[in-house]
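# Structural overview for review
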Amino acid sequence: MKLQYQLNAAFTTLLIVIMSLTAFLVYSLILDLLVQDEQRQLQAKGDLIVNLLNQESSLANVQRLSQLLQDQELQVFLYDQRKNQILFTTLSLDLVENWVNTNDVNGQMDDLWEGGGGKFVVSELPLSSQQPWIHLIMLTPLNDLQAVQKTFISRILIVFVIGVGIAILLSYWLTKRLVTPLTSLKQQLKKIEKRQFEDVQTIQASGEIKEVEQSVLDMANELQHYIQSQRHFFQNASHELKTPLMTIQGYAEGIRDGIFNEEESKRGLEVMVAEITRLKKIINEMILLAKLDSDEGIYHETKVDSRDIIIKTIDRALPLANERNISITYDVDQVTLRADEEKLLQAMLNITLNAIRHASAKVNIVVTHLNSNVTILIEDDGTGIEKDLMPKLFHRFVKGEGGETGLGLAISRAIVERSSGSIHVGQSELGGAKFIIILPGG
């Protein structure tokens, strides 16, 4: 069953149950309220009758009393408790005597008397303070009140039915507004499943559904970017691997066929060894990237001293810096950060060596600690990085001028992100590139 129908069925069932219970309670209470109201009215009419009976007997008073009993259709009787005698009655004498014999007229009377094939609402009051043994008993048939009850309930049922109908229509409209965006979202997810990213569209929604839609769109964009990057990765990887393999194959076939002389063969072997070394480096970096992306066991986070990691980086980069006559300066706030020391050292070394290769005379490393974050700044005074290249500089096999495999910066980004940090590139005030690494403090 579709979600819309499930919601409508659940809401309608709940509404019917609640209204049925409400109707039952109202039906039960309404009769009690009618009985209490009828007793109050009988009490008021009884006071009027008592006043008339206590006045001096006259023809006018008798006529007024007779007219009152006739107009109000009152069923009354007077009972003398001392003599156990019915003084006056508008009802059947046998019925009244039966009531008097079965009910305590002077004590706590029941609200309802039963007899004569029906029930009656009863109200009693003494005729006067001088004659408290004479009781005026007034009765109203319960059937009259039940008729009022049924009329009232029938009208309430009509209101309930109309209310249920309106509520069901409102429920259908509301659930349709809720389910329609979900159905549209499902269609967009189907497009993502089929990798039809260009066809993914926004939907009309609000609240939490809008937030889910935004998350789906972000996921689609990220997935599209990932698939494209993987496609580019394999294309670039095949190209990067094919170039040294073709060189190795060319020299190997030439040496095998005796095309080269002894000196050329020796030089060819040296080229083959160099290409194999480069090929091995590319393969090792590709394996490391794959492990950083998928293998949780390759990364071991510990507490790392910032000064210690910078010193180790400079020690390993110093040979290349001396070869190129590049000076390395550093300013380090000695703080602790959390990372895999070996992997972080590799990331730092990749960026530092990259800076040395592009620097004119100087590379500067600065480590600062602000709040709970550690910021590492690596900048050089070279020519800098082209603006068009900056957004994709950390992608795999993207190389700037003088780059090697195009995987070093991609590895650095993967390591920094595995450390719950971020890495950015910009233009340095020294004139070259500026790499900013932000890591959580330990």
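Scroll up to find the structure.
Described in the following lines is the structure provided in the data block. Here the structure is a predicted model, which means the values were calculated and not measured.

Our focus in this paragraph is the packing of helix H7 (residues 306-323) against helix H8 (residues 341-358). Direction vectors running N to C along H7 and H8 enclose 40°, while the axes themselves pass 9 Å from each other. Accordingly, the angle class assigned to the pair H7 and H8 is oblique. Handedness of the crossing formed by H7 with H8: right-handed. Contact residues: H7 offers Asp308, Ile309, Ile310, Lys312, Thr313, Arg316, Ala317, Leu320 and Ala321, while H8 offers Glu341, Leu344, Leu345, Met348, Leu349, Thr352, Leu353, Ile356 and Arg357. Per-class residue counts for the contact of H7 with H8 are eleven nonpolar, two polar and five charged.

The five strands are arranged S7-S9-S10-S12-S11 in an open sheet whose pairing can be described as mixed. The sheet is open, and its two borders are formed by strand S7 (327-332) and strand S11 (422-427), each paired with just one other strand. Strand-to-strand twist in this sheet, taken as the mean axis angle between neighbours without regard to direction, amounts to 15°. Both S11 and strand S12 (residues 433-440) contribute to a ladder of six bridges, which runs antiparallel. Its bridge partner being in S12, Gln427 is matched across the sheet by Ala433.

Right, let's talk about the packing of H8 against helix H9 (residues 408-418) for a bit. Their axes nearest at 9 Å, the elements H8 and H9 cross at an angle of 140°. Between H8 and H9, the crossing angle belongs to the class labelled oblique. Like other packed secondary-structure pairs, H8 and H9 cross with a definite hand, here left-handed. Here Lys343, Leu344, Gln346, Ala347, Asn350 and Ile351 of H8 lie close against H9, whose contacting residues are Gly408, Leu409, Ile411, Ser412 and Ile415. A per-class count over the contact of H8 with H9 returns six nonpolar, four polar and one charged.

In this model H7 runs 26 Å from its N-terminal to its C-terminal C-alpha over 18 residues, within 8% of the 26 Å that 1.5 Å per residue would give. Helix geometry: H7 is bent most strongly at Ala317, by close to 45°, with proline Pro319 lying one to four residues after it. Taken together, the buried residues of H7 touch strand S6 (302-305), S7, strand S8 (336-339), H8, strand S9 (362-370) and strand S10 (373-380). Taken from the residues just after H7, Asn325 is the one with a positive phi, measuring 60°.

Our next topic: the nonpolar core. Counting 54 residues, the largest nonpolar core has Ile310, Ile356, Ile376, Ile378, Ile385, Phe435 and Ile437 as its most contacted members. At nine residues, H8 tops the list of elements feeding residues into this core. With residues near it in sequence (within four places) discarded, Ile385 still touches Met390, Leu393, Val425, Gln427, Ala433 and Phe435. Among the nonpolar cores identified, the runner-up in size contains 16 residues, and Leu31, Leu78, Val121 and Leu127 belong to it.

About the criteria used
Every chain begins its residue count from 1, and numbering advances along the sequence as written. Local features are withheld for residues below a pLDDT of 70 in this predicted model, meaning they are given only at 70 or higher, and side-chain atom pairs are given and counted only at 80 or more; totals for whole chains, interfaces and linings count all residues. Note that the side-chain values use all heavy atoms of the structure and ignore hydrogens as well as water. All axes here are fitted lines through C-alpha atoms, helices being fitted over the stretch that makes contact, and every angle between N-to-C directions spans 0 to 180 degrees. Counting from the N terminus, the helices are DSSP H or I runs at least four residues long and the strands are E runs at least two residues long. An angle below 35 degrees is treated as roughly parallel, one above 145 as roughly antiparallel, one from 65 to 115 as roughly perpendicular, and anything else as oblique. Crossing chirality is assigned from the near helix's rotation relative to the far helix, an anticlockwise turn below a right angle marking it left-handed and a clockwise turn marking it right-handed. The contact definition used throughout considers only heavy atoms, calling two residues in contact when any of these lie within 4.5 Å. Note on residue categories: nonpolar means Ala, Val, Leu, Ile, Met, Phe, Trp, Tyr, Cys or Pro, charged means Asp, Glu, Lys or Arg, and polar means any other residue, Gly included. When DSSP finds at least two bridges between two strands, those strands are taken to pair. To estimate how far a helix should reach, multiply one less than its number of residues by 1.5 Å. Given a residue, its bend is the angle between the two axes fitted to the seven residues that end at it and to the seven that start from it. What makes a nonpolar core is a set of buried Ala, Val, Leu, Ile, Met, Phe, Trp, Tyr and Cys residues whose side-chain atoms join them at distances within 4.5 Å. Think of it in three bands: with a 1.4 Å probe and only protein chains considered, a residue is buried below 20% of the maximum accessible area for its type, exposed above 50%, and partly exposed in between.

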